[in-house]
Amino acid sequence: MTVLTIGQIAKHTGVTVATLRFYEKQQLIEAPMRADSGYRQFPEITIKRVLFIQHAKDVGFTLNEIRELLTLQREPGTTCSDIKLRALQKIELIDSKLQELNRIRNALSRMVMKCKTQTKLNDCPILAELEMEKDDRVKN
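The structure displayed is predicted, hence computed values, not measured ones. (Residues numbered from 1 in each chain as written. Predicted model: local features only at pLDDT ≥ 70, side-chain atom pairs only at ≥ 80, totals over all residues. Heavy atoms only, no water.)

Student: Would you mind showing me how to read the layout of surface pockets here?
Tutor: Here the idea is plain: a probe the size of a water molecule rolls over the atoms and shows the empty space left. A volume near 210 Å³ is recorded for the largest pocket. The wall of the largest pocket is formed by Ile-29, Glu-30, Pro-43, Ile-45, Thr-46, Lys-48, Arg-49, Phe-52, Leu-70 and Gln-73. Every element with two or more residues in the lining of the largest pocket is listed here: α3 (45–58) and α4 (63–74). The dominant element in the lining of the largest pocket, judged by the number of residues it contributes, is α3, at 5 residues. Among the residues making up the lining of the largest pocket, the classes are represented as 5 nonpolar, 2 polar and 3 charged. (1 Å grid on protein atoms, 1.4 Å probe; cavity = no way out; pocket = protein on both sides within 12 Å on 5 of 7 lines; lining within 4 Å. Points joined across faces, edges and corners; volume = space filled by probe spheres on them. Helix = DSSP H or I, 4+ residues; strand = E, 2+ residues; numbered from the N terminus. Nonpolar A, V, L, I, M, F, W, Y, C, P; charged D, E, K, R; others polar.)

Student: What am I meant to see in the packing of α4 against helix α5 (residues 80–114) here?
Tutor: Between two packed helices, both the angle of their axes relative to each other and the distance between the axes serve to describe the pair. Across the interface, α4 lies against α5 with an axial gap of 11 Å and an inter-helix angle of 165°. Between α4 and α5, the crossing angle belongs to the class labelled roughly antiparallel. The two elements α4 and α5 meet at a crossing, and its hand is left-handed. Contacts between α4 and α5 involve Glu-65, Glu-68, Leu-69 and Leu-72 from the first element and Ile-83, Arg-86 and Lys-90 from the second. Along the lines of polarity and charge, the residues of the contact of α4 with α5 split into 3 nonpolar, no polar and 4 charged. (Axes fitted to C-alpha atoms, helices over the stretch in contact; angles between N-to-C directions. Parallel < 35°, antiparallel > 145°, perpendicular 65-115°, else oblique. Left-handed = near helix turned anticlockwise from the far one by under 90°. Contact = heavy atoms within 4.5 Å.)

Student: I tried to follow the side chain of Arg-40 on my own but got confused; where do I start?
Tutor: Among the structural elements, Arg-40 can be located in strand β3 (residues 40–43). What makes Arg-40 buried here is its relative accessible area of 18%. Reaching out from Arg-40, the side chain makes a polar contact with the side chain of Glu-24 at a distance of 3.1 Å. The contacts of Arg-40, once residues within four sequence positions are left out, are Leu-4, Thr-5, Ile-6, Arg-21, Glu-24, Pro-32, Met-33 and Arg-34. (Buried < 20%, exposed > 50% of the residue type's maximum accessible area, 1.4 Å probe, protein only. Polar contact = N/O pair within 3.5 Å; in protein donor to acceptor, adjacent residues only side chain to side chain.)

Student: Help me understand α3 in this model?
Tutor: An α-helix turns once per 3.6 residues; consequently, residues spaced three or four apart project the same way. Given a rise of 1.5 Å per residue, 14 residues ought to cover 20 Å, and the 20 Å separating the end C-alpha atoms of α3 matches this to within 8%. Those residues of α3 not exposed but buried are Thr-46, Ile-47, Val-50, Ile-53 and Ala-56. Summarising the contacts, the buried residues of α3 are in contact with β1 (3–4), α1 (6–13), α2 (17–25), β3 and α4. Where α3 ends, the next residue or the one after it, Gly-60, has phi of about 105°, a positive value. (Expected span 1.5 Å × (residues − 1).)

Here it is in structure tokens:
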């Protein structure tokens, strides 16, 4: 069995040593064996695990969700539909966030359209609308 140091794992995966230590603390990667010298000795499979974690993060999964995926991956009764369900839930969350971001963008665009750049600051429609919305929230 090939063993690698934490530095070698970091180099192969493009993550920092601190990130690998964090993943170890979070139990996303297995605690390594220790050589007589005290150096951590990771199995080569750790590279695959770290790359999995990084890719899952890249597509929006949180570390808790990744931990759940890794747990499901090891459970004998897990089916592809179990994993698909997690991916569909993530898509729903992303869609919800996109709707919220679009709402925010539209509100800001509306404010910007009202703005005449030569208007005095105390007549600024953007500030006036922000103040109005703030006052409306306080009343509710």
